[in-house]
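Summary of structural features
What follows is each chain in one-letter form.
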Amino acid sequence: LKYAIDKDWINEIGRVSIGFLCGGLLVGVAHRLRKSFSTFSSVLVGGGVAILYFTVTIGFHEYQLFSQTLAFILTILITGFTVLLSLSYNRVELAIFAILGGFGAPFMVSTGEGNYIVLFTYILTLNIGMLILAYYKKWPIINIICYVFTIILFGGWLTSKVLDDGGKPVPYLGALVFASLFYLVFLLMNIINNIKEKTDFNALEIGILLSNTFLYYTAGMLILNHLGDGNYQGLFTALLGLVNLAFAYALYKNDKIDRNLIYLLIGLVLTFISLAAPVQLKGNHITLFWAAECVLLLWLSQKSGITLIRQSSIIVLALLGISLAMDWQQVYGSGLYDTKNRLTPLANKGFITGLVVVAALILYSKLLKSEIRSV
């Protein structure tokens, strides 16, 4: 065969056809052996899939038989076919072959133009396919591979093309949109099977959920630092808290859902809502926000019976005291003896902030007293 190719007896179309035929034959033989030699058949399928991937790559790069769009479509079809085989054979090895080939496809059919929309749309499509797979099969290794490769590809692009712009126009909004979509996909990917099967979450799954949230928050804050001069960072922080609140509320009503997930989501909600104040607000506005929040959290803990919310209200209460002390230092520490800018008695932000905090403490104590009476 090599001699025939060297002599040009077999042209480019024939060579690519032979590649597809060999890959298909290996998959066919593997299918015949799937019952008697299950492990070996998985190896054969992996070899056949690898041949199909490399055939598309050679046909695109070396022979220019396919357009980039057609090459992407072919790689998606090969990946989808391999995923279907992994479900049919119930073999995680085949799913690993599929996902590795899927993430390798952008490098196989790359033209060097660096079109981030095409790249991340493809990766998003691939991850959605793995999300569907995660619904049917609990194969944590697939989630980890998708997660790691997406972080490497998106993180590398974000660092080199967005944060280090070199004076060129940068798609900040596009970067935020894709970061948000990846965050939602991986949030669902790591909880969907547990919710379907009503199983508990292990430490690895909790770790991925936490890292996914905080990596997304970090990326969003870095992007928004350039987009709108950072004026939307507080809003972004609050919205992330609301997203987790929506998930927590949707799952809280189901008694069969692992309570650890509910408490994790509630903890994230409390964290981001509390962070929104110092990120977006300044001075005494942070104190006013925390004064209202500590009362609200105590009330919510009494209504829901969730201890985590009660503990968070105590933490916010402590932060409230520190923030009030800092406000008083800023207002009275320097302005009390300033002869040019005398403070107006009572009608100054130090006194008004203190008055609001006192009102919040009174409400807080009344809630505690009503709780004691009910006990």
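The coordinates are above.
I will try to describe carefully the structure that is included in this document. As the structure is a computational prediction, the values presented were derived from the model and not from experiment.

How each quantity is defined
Residues numbered from 1 in each chain as written. Predicted model: local features only at pLDDT ≥ 70, side-chain atom pairs only at ≥ 80, totals over all residues. Heavy atoms only, no water. 1 Å grid on protein atoms, 1.4 Å probe; cavity = no way out; pocket = protein on both sides within 12 Å on 5 of 7 lines; lining within 4 Å. Points joined across faces, edges and corners; volume = space filled by probe spheres on them. Helix = DSSP H or I, 4+ residues; strand = E, 2+ residues; numbered from the N terminus. Nonpolar A, V, L, I, M, F, W, Y, C, P; charged D, E, K, R; others polar.

1. Quick notes on the layout of surface pockets
- One number sums up the size of the second largest pocket: a volume of about 490 Å³.
- Residue lining of the second largest pocket: 19 residues in total, with Leu245, Ile266, Val269, Leu300 and Ile309 positioned closest to the centre.
- Secondary-structure elements contributing two or more residues to the lining of the second largest pocket are helix H11 (233–252), helix H12 (259–280) and helix H13 (284–304).
- Per-element tally for the lining of the second largest pocket: the top contributor is H13, with seven residues.
- Each residue belonging to the lining of the second largest pocket can be placed in one class, and the counts come to 15 nonpolar, one polar and three charged.

2. Details of empty space enclosed by the protein
- As enumerated under the stated definition, the model contains two cavities of 30 Å³ or more in all.
- There is about 100 Å³ of room inside the largest cavity.
- If you trace the largest cavity, you find 16 residues lining it, with Lys138, Pro140, Asn143, Met189 and Glu205 closest to the centre.
- Of all the secondary-structure elements, those providing two or more residues to the lining of the largest cavity are helix H7 (140–163), helix H9 (192–197) and helix H10 (203–226).

3. Focus: unusual backbone geometry
- Despite not being glycine, glutamine 64 shows a phi value in the positive range, around 55°.
- Of note, glutamine 64 is situated in the loop between helix H3 (38–61) and helix H4 (68–89).
- One non-glycine residue, asparagine 90, lies in the positive phi region at around 55°.
- Position of asparagine 90 among the secondary structure elements: in the loop between H4 and helix H5 (92–108).

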